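Listed below, chain by chain, are the residues.
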Amino acid sequence: PLLPGLQRYRGSSALCSTVASHNTEPGMTGEKTQDLVALWEVHLADGIHMIEFEHGTTSGRRVLRVDREVIVKRDWMFKLVGNESFHIGKSKAQCSIKIEPVGGFAYEYSLEVAGKSYKKFTENQNKIMKTWILPVDGTMYRVVLEKDTLDIWVNGTKVEMAGEFTEEGTETHFAIGSQPAYVRAVSSGNKREGIIHCLLVHETEVPEYVE
C-alpha cells in the first residue's frame, strides 16, 4: 500500500517513480511530517537497502534516509528541483535522486543506481545475482552469488571460498554459520541459459529465492 502523499505515476510502481503534490494553506508556517514522497528498495549483494526521500515543496526541505539513517538533511532550499547524490551498501554504489516538475505543484522523483535507471539496475541485478534464503542452526541466512565476479555473500559479508574442479563443472566451498556449503556450477548445454548455479548444504540442494 502507498503511504499518504504517494501516488502512482504513469502506471509505474511507487517504488521506482512517484509524483507528490503538497498543498499548503496561506499563512501556514512549517511543514507536517507527511513529506515522504518516495520509497525504493535496492537489492545489492550485501543486503536489501531501503531509500526514503522527503521533500517539502514549500520550503524545499529535503531529508534522505538509507536504511532508516539520515544521510542528507537540508531544512531550506530555494531551488525545489535538482539532484541528490549519495552512496549505498558496502560496495558504495553511486545513487542519485532526480527531482523534476511535472506541472503545478507536482514533482516526479526518479532514482538512478550505478548510472542506470532504477528499473534497468533492478533488471541487471536479477541477471547477475542469485539468492538463497535458508535456516541454518536456527538462524536465517541470505546467501548471494554475484555471477559476474563469482563472489559469495552471507548475511551481508563477503566470505572466504575454496574452489575445485569436478567432472561436471566447479564447486565453490564456503561456510554458512558453522555448516559447510558449496555452490555447484555446471553448463546448461544451452548457450542462451549459460551456467547453472545451485547451492548445496549437506548435499541437499536449496531452492533459489526470488527477491
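What you see is a predicted model; the values in this text were computed from it and never measured. (Residues numbered from 1 in each chain as written. Predicted model: local features only at pLDDT ≥ 70, side-chain atom pairs only at ≥ 80, totals over all residues. Heavy atoms only, no water.)

A. Spatial organisation of the overall build of the chain. In terms of regular secondary structure, the chain is built from one helix and 19 strands. Scored against the burial criterion, the 211 residues of the chain give a buried share of 42%. In the chain, the proportion of contacts linking residues at least 24 apart, taken out of those at least 6 apart, comes to 34%. Of the roughly 12,400 Å² that the chain leaves accessible, carbon and sulfur atoms contribute 52%. (Helix = DSSP H or I, 4+ residues; strand = E, 2+ residues; numbered from the N terminus. Buried < 20%, exposed > 50% of the residue type's maximum accessible area, 1.4 Å probe, protein only. Contact = heavy atoms within 4.5 Å. Areas by Shrake-Rupley, 256 points an atom, 1.4 Å probe, with all protein chains shown as cover.)

B. The environment of His 55, seen in detail. Assignment of secondary structure puts His 55 in strand S4 (residues 47-55). At a separation of 3.2 Å, a polar atom in the side chain of His 55 contacts the main-chain carbonyl oxygen of Leu 80. A distance of 2.6 Å separates a polar atom in the side chain of His 55 from a polar atom in the side chain of Tyr 109. (Polar contact = N/O pair within 3.5 Å; in protein donor to acceptor, adjacent residues only side chain to side chain.)

C. Region of the structure containing the confidence of the model for the chain. Here the chain averages 85 in pLDDT, while 84% of its residues score no lower than 70. Predicted confidence for residues 1-33 stays below pLDDT 50, and this span has 64 contacts to residues more than four positions away or in other chains. (pLDDT = per-residue confidence, 0-100.)

D. Structural context of the side chain of Glu 146. Within the element layout of this structure, Glu 146 appears in strand S12 (residues 139-146). For the buried residue Glu 146, which engages in no salt bridge, the nearest side chain bearing the opposite charge is Lys 158, 6.3 Å off. Polar side-chain contacts of Glu 146 include one of 3.0 Å to the side chain of Trp 153. With residues up to four places along the chain from it excluded, the contact list for Glu 146 reads Ala 45, Ile 128, Asp 151 and Trp 153. (Lys, Arg positive; Asp, Glu negative; His and termini not counted. Salt bridge = Lys/Arg side-chain N within 4 Å of Asp/Glu carboxyl O.)

E. View of the pairing of strand S3 (residues 36-44). Among the nine residues of S3, eight are classified as buried, and the element is accordingly described as predominantly covered. Relative to S4, S3 runs antiparallel, the two being bridged by eight bridges. Looking across to S4, one finds that Leu 36 is bridged to Glu 54. Between S3 and S4, which pair antiparallel one after the other, the connecting turn spans two residues. (Pairing = 2+ DSSP bridges.)

F. Quick look at a nonpolar patch on the surface. Taken together, the side chains of Ile 133, Met 140 and Tyr 209 define a hydrophobic patch exposed on the protein surface, amounting to about 280 Å² of accessible area. Here Ile 133 is to be found in strand S11 (residues 129-136). (Patch = residues over 30% accessible without salt bridge, like charges linked within 9 Å, V, L, I, M, F, W, Y side chains within 5 Å.)

G. View of unusual backbone geometry. Despite not being glycine, Ala 114 shows a phi value in the positive range, around 55°. Residues other than glycine seldom take positive phi values, yet His 202 does so here, at roughly 55°. On the secondary structure map, His 202 appears in the loop between strand S18 (195-201) and strand S19 (204-206). The exposure class assigned to His 202 is exposed, which follows from its relative accessible area of 54%.

H. How the structure looks around the sheet that holds strand S6 (residues 69-74). Spatially, S3-S4-S5-S6 is the arrangement adopted by the four strands of the open sheet, whose pairing is antiparallel. Of all strands in the sheet, those with a lone pairing partner are S3 and S6, marking the two edges. Along the sheet, successive strands turn relative to each other by an average axial angle of 15°, direction set aside. In this structure, S4 lies alongside strand S5 (residues 62-66), joined through five bridges in antiparallel fashion. (Axes fitted to C-alpha atoms, helices over the stretch in contact; angles between N-to-C directions.)

I. Structural context of the pattern of salt bridges. Evaluated as defined, the whole model comprises eight salt bridges. Where Arg 61 meets Glu 54, a salt bridge forms, and the shortest distance between an N and an O atom there is 3.0 Å. One salt bridge in this structure joins Arg 74 and Glu 84, with 2.6 Å as the shortest N-O distance. Placement of the pair is Arg 74 in strand S6 and Glu 84 in strand S7 (residues 82-88), with a sequence separation of 10 residues. By relative accessible area, Arg 74 is classed as partly exposed at 35%. Taken together, the shared-partner salt bridges in this structure form one network comprising Asp 35, Glu 54, Arg 61 and Arg 65.

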